[in-house]
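Architecture at a glance
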Amino acid sequence: MSVQKSTVVIIFDRRKTSVPEVRLELSKVKDFREFKVCLKEKIKETSDKFVITTTDRVEINNDKALSEYVVNGSSLYILNSKDQKLSAPTHMLIDYLPHYDTLLKSGIYEYFTRGVQNPLPFAFAELIDNALAATNENNCTRKIELIITLDENIDKCSVCVLDNGSGMNSEQLNDWAVYRLSKFVRRRRDHKTESETSDVSVYPKSLNSDISYFGVGGKQAVFFIGNSTTMMTRSRGSMDVHELCLSKDDFEKKEKERTDVYTGLIRNRTPGDSAHVVNNDNLKSLIAAETARDGFTAVYIHGLRRDTVEYLRSGVKYWTQTLSHIYHYYIHGPDGVRVSTDREEVALSTFRHINIEVKIEKYDKQSRLVPTTTLNLRDITDDPQSLYIKAAATAMETFDFKATVENQGIVEGIIRYHPFMYDRETYPVDATHTQKALGDIEDDDVIQRDRPARGNRAIFECYWNGRLIPYTTIDDFDWCSVPKKRGAIPIECYNRISGVLFTNDKFQVSNNKLVFMDLDTKLKEKSTIFSRIIGEQEQRVRIDREFTEWLRQCHETLDKQIRFMKFRAVIQRFNENNNKSLGYWTQFDAIEWDGKVFKKGQLVKITRVSPHVYGTIESFYLSGEHVGEIYATEGLIELVQEPRSIYGDTRCLPLAKLDRSATPSTINKYLDEEESKLPHSVAVSWPEGAVLSNNKVMQVGACIGAMQVEIHNKRKEMVSKLPGPTQKKLSVEQSLVFTPASPGESEKVLISLTAEHSKKWFYWFRKITHLDNIGAYCLKLQVVLSADKTTSSRNLPSKTIKFTITEGEPIGFVIGTIDQPIGLGAAFNIPLEFHDSHGNLAKPITDQNPTITIIDINVNYDGTKTNGNTLILKNVIAIGSLKNASTKGMLLTVCIPGLQNDTQSVKVRFVPGPAVRLHIVDITGTINLDDGGLGRRLKVENGSSLCLNMESVDAGNNMTPCPKKKLYYKVISGASTGISSGVTDIRSGRATVNVDKIHIKTLTQCMELVLRMELAPCKTVQALEIPLQLCPSTSIASVDVYLNDVKLKHRQDIGCGAGETVDGLTFRFLDEASRDIVLTSDLVAKVTVSWQETTDVATLLLGALPGVKVPDNLEPKLCQVLIATKPNLLQFAFNLKPHAGNPAKLSCQLVGEKKIRLTEDTKSEILVHISDHHGNQITRVPTTSLNRLVVTAEHLSSHQRALHSSATFTVKNIRIGGGPLGPKEVTVRWNTLQDSVWLTVTAGPPSRLAVVGWVIDNPIPVFNGGQFDAPLAVQLCDDSGNKCREPNYKIQLTKFDVKLKLDPPVTSVRTEGNGSAMLGLYTVTAPRGDYELMAKAIFGKTTIDGPTMLIRVLPDPKQPDSITVCYNKNTGLIAGETFPDFIVQVLNEDKVNIQVEDPTHLTMTV
């Protein structure tokens, strides 16, 4: 252990009381022993009964602890024990200097948290700021070089900023290295005032080069660019160069060595001396050029990051543009880049002596220098500020202004105008593209296609002391922002301006000059005063008015934004008032403005006139004679003012008043509102009664009451004048037109009157009387203009009322023509024509019921209907007998009460009418009449026939023929099911109906039937239905069979025991009504049974059947009883279903494999069946039978039992827990019945791996280089040690020591079918010692570790290992004499002499 020479520790003795601390110098201490001796001397202690700990109670008791925990300034305790409580407080000296990462990494944070652009150019700018400040007092050209060295080897890449300024002495260089030593601190330290250190002269746009301020940016920049820098500087007139190196590696080294990190050395050397530089040709070349420079400062940075090198290599255009943007006004002067191409004029600038050059030195893969690229930032013309200046209008002066804030803060501002030229904006979009390329900006808010020119970008870029502050922009000021109230200047003009703000150093910026801290806030304070600069003279004016006027002039003078299209003609226009010529104008049909096309026929809105004008475009006018399309800033628009129903005038207005933001929906909404003021409807009222409604019907002599008329618009407001400027009065015209009822006569205008408006009664028309003509009338009220009594071209409203004048009341009637002859019962109509007192046809009376009378005939009708002036008696029907009728006809009389002439008569002739029903003349056949009456219910036995004579008659019971018709008959049941049917001819009016025998199968009781007869085709004659009662037959219909007096069903299943005899069978015969039939010899002779060939007649007469023998097996047996009756064979059948008897036998069946692995559940199962004496399986046992099932076997450890619905037991999951392998009997017992199955027990699953043929309880000896005594073989075994016959297990042999070598090399093998594997016979090579081997078995994810085999390697006693030679080393050898004797011994590895069998194997060479 070696302690640093300057190490001093503080000792606190806190064993008992508070003792003042002592300081112990450890400059001569080498180890812990010397440290303890010095300590005891210092505290004057002779005993060793104490402990030394740190303040964290880490004990110092050896050299390692002393070296690790004791450093300069450490505080140590002397205690009785490590865990002792302090007897008094102590203190500890600490050092809280900032970590060197404060210097190394602050730049990364500052640059990357301030914006989204790549910040490398802004780091370069920090170093260029220092160079500008250093060259500020140069009398010659101020030259600043940015030298970039790029090599394929990234370690050789470097950046150097070199200036020809005044340089620094060693003290100033030391000040540069101090972090945050700003120029203000240096002034206070040197007792200087601002007036002593700054130039009081006024610089335009604050271009004073005083931009090296805070003592932070340079350090942040160099460590952002690389991890090491070398500062080399020489002040003017000095003989020495001062050099300072700062690097990350040096900081880390000092931290490890626990020396002061913030210390270093400034090397003072002669110019050009590079003896101290190793492996850095670039730095050597830079030092070699120092001899030609008087004053300079060079900042050499190396250790560049890879991403920095890639950006320097690929983004040259972008970062040089950014630098040119930052120092644009230092490079080109206060007015920026000159647009003039006159080189002499450009050279007159006083700022042309500032040259900032970029030199890029590239080396190829062979380290050969590629020609150097040199770029002067003054030659870059596509930086954003250059683009803004070039794109601004040169024909218009810029808008210069000045803002003065508190604390002497001054801001000079410039606003430029970028006019719209023809089809595009001239605002430099490329500036935005450049910014995006610099920083990969992906911000959709910067440029928006729906806003022209600048989009959403800010107006002002901000410069501090002439240098761009990149991350601060000012959107606008109140006086130059878009006004809330739209004025004469289009809104887009406010987006065509760009500007620059130049501030002095009274405004705070961030340490790395990326953002202003308070500029926006101070400029928007109320105390800020804005004034305009005209000709370098400050004028206190209304800045908002001045800016608005300047912007208006720019727009009117410079913008070429309206595109006149679709040339029509060149015409001469005249003044409408005095017809004076206005000169020649070019007429167009369309224009394009702000991307919107306005064309002829389009609806538009005109603003800045009172009121606003809406109209349809007719044409556009541009002053002068032009041909084709042309751009301009102003013109005229000619339109027809809408709505035309109100205005319709043609007006010509300036294009500037066109509202380009108006949408069709807003225009149409306005037009709808204007048109709603027009007259829309006419309202009529009758104050004196006699109201006339539309389609009203009145009789001759009616009148129309006096009318009061009102005119309403769509808003339901009364109007009497047209809206609009003319205010024309409205009148109402009344006309009455008569249309005669007779065809061929023309219309006549009976009345035509006009009413003017009155405030008291509005529009009034008198009463109309004497409407004597029968026909249609039309009363029309038309709104007209009072001046010309016409509707003019306007669609004025009207109201039309149609009404009708009809005839008077009727006084009599006549009977019209009746079709004859008339069929009795057939419907016919009687027309009656009415007339009034003047002989005109009149409307029929409908409130009286006419009466019709005919002698001996009953007459009825359904009602009446009107057909014009005719009343029709509908569906008149006459019913009666024609036996006494006269051939000359009968008198028909009609009477209508209430008329003056109320009765009229006419003769008519009647004939038989159409058939209306069927009539039964008589009935014949074998029938029985219930109640014995004709037409009553007929009682018929099942199977009998009927015969009926029929007639067709009309409503008066007169027989009438039925040509082309037939009589259909059908016997049906209540469910309309047909039983018997037929058809016969009835054309003459008479027919005979023969019904075949009526039979219904299995009729058990009397059944109600209907005999239905009907004419077809004929829908007017109602069908005739005769009720029938069908009685059952007395023949044998069925047979019933009984077992022990229990009635059996046909094909019923009868359960019985197997092998038994079924007795007690009886039978009986029944007719259709289920009535018993007496058994006779003839009947029982027809009976046979299927289970016996012959039957005893005597037994059958008693109604008994022979017994049936049940089969021994469980097969069902069909038994039939047959009766040979006519026409069908009767039968009855039943099934005997045997079932098993009492349990008599138990049988076991093994399902699955017979083999079972030890300690595993078998996948096979035992089925247990119980049967009777005949071997029939029993299918039902009690549910408690499972408890009586017992399974036994030797070493049986577990099993599962189950009872199924078929009375079958299952035994599964049988497990044998131990015992010998081989056959194993499993016995199953249920009650007194039992059976057994045999299983073969095999070994259990592999769980162990045994080594075969080796005794592994003791170490296995083997000679080095020798073989094992036997081959290595393994066997898979179960938990009981039984051999497992499992093939395809992978066997691996594992060595735990790499020194042990086996030959042949160890490989994996697979187990054979018997579960064993032969690994082979190995030769062992290893140093003496014990080694472990282990075999493993792997199958899938299962691994079985074998036993560990301890191999003891012994040296081979017969194997030579070394040779010893002994001879007399003090004997000299004389030439010619023989060599002395040599004693040679051959030794084995145990250094034991071995016998050499063949001495010739030993050789000696001299």
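Every value quoted in this text rests on a predicted model; they were computed, and no experiment measured them.

**Regarding the packing of aromatic side chains**
Applying the stated criterion across every chain, the model contains 34 aromatic pairs. Seen from their ring centres, Tyr494 and Phe547 are 6.4 Å apart, and the 50° between their planes marks the pair as tilted. Of the two residues, Tyr494 sits in the loop between strand E18 (467-474) and strand E19 (497-503) while Phe547 sits in helix H19 (residues 543-558), which places them 53 residues apart along the sequence. Here Tyr494 matches Phe547 in class, with each residue buried. Measuring from ring centre to ring centre gives 5.2 Å for Tyr777 and Phe803, while their planes differ by 10°; the resulting arrangement is stacked. Here Tyr777 is found in strand E38 (residues 775-785), whereas its partner Phe803 is found in strand E39 (residues 798-806), with 26 residues between them in sequence. Like Phe803, Tyr777 is buried. Put simply, the rings of Phe399, Phe401, Tyr417, Phe460, Phe477, Trp479, Tyr494, Phe530, Phe547 and Trp550 pair up and form one aromatic cluster.

**Structural notes on the confidence of the model for the protein chain**
When the pLDDT values of the protein chain are averaged, the result is 83; 90% of them are 70 or greater. In the model, residues 193-201 has pLDDT below 50 throughout and makes four contacts with residues more than four positions away in sequence or in other chains. For the stretch residues 341-349, pLDDT sits under 50, and the model shows eight contacts to residues farther than four places along the chain or on other chains.

**Comments concerning the packing of helix H5 (residues 120-134) against helix H13 (residues 316-326)**
Where H5 contacts H13, the two axes come as close as 9 Å, and the packing angle between them is 45°. Between H5 and H13, the angle is such that the two are oblique. With respect to the hand of their crossing, H5 and H13 are arranged in right-handed fashion. Contact residues: Pro121, Phe122, Phe124, Ala125 and Ile128 in H5; Trp319, Thr322, Leu323 and Ile326 in H13. Class assignment of the residues belonging to the contact of H5 with H13 gives a composition of eight nonpolar, one polar and no charged.

**Details of a nonpolar patch on the surface**
Together, Ile1363, Val1365, Tyr1367, Val1384 and Leu1402 make up an exposed nonpolar region whose accessible area comes to about 430 Å². Locating Val1384 in the fold gives a position in strand E89 (residues 1383-1387).

**Things to note about the sheet that holds strand E72 (residues 1165-1171)**
Read from one edge of the open sheet, four strands run E70-E72-E75-E74, paired in antiparallel fashion. The open sheet has two edge strands, strand E70 (1145-1151) and strand E74 (1196-1203), and neither has a second partner. With strand direction ignored, the average angle separating the axes of adjacent strands in the sheet is 25°. Bridge analysis of E74 against strand E75 (residues 1209-1216) gives six bridges, and the strand direction is antiparallel. The residue bridging Ala1202 from the neighbouring strand is Thr1210, located in E75.

**Notes on the side chain of Gln1275**
By secondary structure assignment, the location of Gln1275 is in strand E80 (residues 1272-1277). Look at Gln1275 and you get buried, because its relative accessible area is 6%. Of note is the side chain of Gln1275, whose polar atom sits 3.4 Å from the backbone oxygen of Cys1284. With residues near it in sequence (within four places) discarded, Gln1275 still touches Arg1248, Leu1249, Ala1250, Val1252, Lys1283, Cys1284, Asn1314, Gly1315 and Ser1316.

**Structural notes on H5**
Helix length check: H5, at 15 residues, gives a terminal C-alpha distance of 22 Å against a target of 21 Å (1.5 Å per residue), a fit within 8%. Counting buried residues in H5 gives 12 out of 15 residues, a clear majority hidden from the surface. Within the sequence span of H5, burial applies to Leu120, Pro121, Phe122, Ala123, Phe124, Ala125, Glu126, Leu127, Ile128, Asp129, Ala131 and Leu132.

**What to know about the sheet that holds strand E2 (residues 22-25)**
Ordered in space as E2-E1-E4-E3, the four strands form an open sheet in which the pairing is mixed. Looking at the sheet topology across the chains shown, the edges are occupied by E2 and strand E3 (51-54). Between one strand axis and the next, the sheet turns by 35° as a mean value, whatever way the strands run. In this sheet, E2 lies alongside strand E1 (residues 8-13) in antiparallel orientation, the contact comprising four bridges.

**Describing the packing of H5 against helix H12 (residues 306-314)**
With their axes 11 Å apart at the nearest point, H5 and H12 run at an angle of 90° to one another. When the axes of H5 and H12 are compared, the pair comes out roughly perpendicular. Across the interface between the two elements, Leu120, Pro121 and Phe124 of H5 pack against Thr308, Tyr311 and Leu312 of H12. Tallied by class, residues from the contact of H5 with H12 come to five nonpolar, one polar and no charged.

**Considering the nonpolar core**
Note on soluble globular proteins: their nonpolar side chains tend to be buried together. Phe124, Trp319, Tyr327, Phe401, Phe477, Trp479 and Phe547 are the most contacted members of the largest nonpolar core, which totals 94 residues. Of the residues forming this core, the biggest block, nine residues, is contributed by H5. Listed in part, the 37 residues of the second largest apolar core include Leu722, Tyr763, Leu779 and Leu796.

**Some points on unusual backbone geometry**
Across the junction of Gln820 and Pro821, the peptide omega takes the value -5°, indicating a cis bond. Along the polypeptide, Pro821 turns up in the loop between strand E40 (810-815) and strand E41 (822-823). Pro1304 follows Asp1303 through a cis peptide bond whose omega is 5°. For Pro1304, the location among the structural elements is in the loop between strand E82 (1301-1303) and strand E83 (1309-1310). Even without glycine at this site, Arg57 takes up a positive phi of about 60°. Relative to the assigned elements, Arg57 resides in the loop between E3 and helix H2 (63-69).

**Here we look at helix H6 (residues 170-177)**
Every buried residue of H6 is listed here: Leu173, Asp175 and Trp176. Buried residues in H6, looked at end-on, bunch into an arc of 155°, giving them a common side. Capping the start of H6, Asn169 holds a side-chain oxygen 3.2 Å from the backbone nitrogen of Glu171, two or three residues further along.

**A short note on the pairing of strand E57 (residues 1007-1016)**
In terms of strand pairing, strand E54 (residues 966-972) meets E57 through seven bridges, oriented antiparallel. Note on E57: the bridge partner recorded for Leu967 is Leu1015. In terms of strand pairing, E57 meets strand E58 (residues 1024-1031) through seven bridges, oriented antiparallel. By the bridge assignment, Leu1011 is partnered in E58 with Ile1026.

**Quick look at the pattern of salt bridges**
Per the stated rule, a full pass over the model turns up 40 salt bridges. Asp544 is the salt-bridge partner of Arg542, the closest N and O atoms lying 3.1 Å from each other. Residue Arg542 is classed as partly exposed on the basis of its relative accessible area of 46%. The closest approach of N and O atoms between Lys1224 and Glu1194, which form a salt bridge, is 3.9 Å. Placement of Lys1224 in strand E76 (residues 1222-1230) and of Glu1194 in the loop between strand E73 (1189-1193) and E74 is noted, with a sequence separation of 30 residues between them. Note on Glu1194: relative accessible area 47%, which makes it partly exposed. Each of Glu126, Asp129, Arg467 and Lys513 takes part in a single network of salt bridges with overlapping partners.

So, how was this worked out
- Residues numbered from 1 in each chain as written.
- Predicted model: local features only at pLDDT ≥ 70, side-chain atom pairs only at ≥ 80, totals over all residues.
- Heavy atoms only, no water.
- Phe/Tyr/Trp six-rings, centres within 6.5 Å; stacked < 30°, edge-to-face > 60°.
- Helix = DSSP H or I, 4+ residues; strand = E, 2+ residues; numbered from the N terminus.
- Buried < 20%, exposed > 50% of the residue type's maximum accessible area, 1.4 Å probe, protein only.
- pLDDT = per-residue confidence, 0-100.
- Contact = heavy atoms within 4.5 Å.
- Axes fitted to C-alpha atoms, helices over the stretch in contact; angles between N-to-C directions.
- Parallel < 35°, antiparallel > 145°, perpendicular 65-115°, else oblique.
- Left-handed = near helix turned anticlockwise from the far one by under 90°.
- Nonpolar A, V, L, I, M, F, W, Y, C, P; charged D, E, K, R; others polar.
- Patch = residues over 30% accessible without salt bridge, like charges linked within 9 Å, V, L, I, M, F, W, Y side chains within 5 Å.
- Areas by Shrake-Rupley, 256 points an atom, 1.4 Å probe, with all protein chains shown as cover.
- Salt bridge = Lys/Arg side-chain N within 4 Å of Asp/Glu carboxyl O.
- Pairing = 2+ DSSP bridges.
- Polar contact = N/O pair within 3.5 Å; in protein donor to acceptor, adjacent residues only side chain to side chain.
- Expected span 1.5 Å × (residues − 1).
- Core = buried A, V, L, I, M, F, W, Y, C linked by side-chain atoms within 4.5 Å.
- Arc of directions from axis to C-beta.

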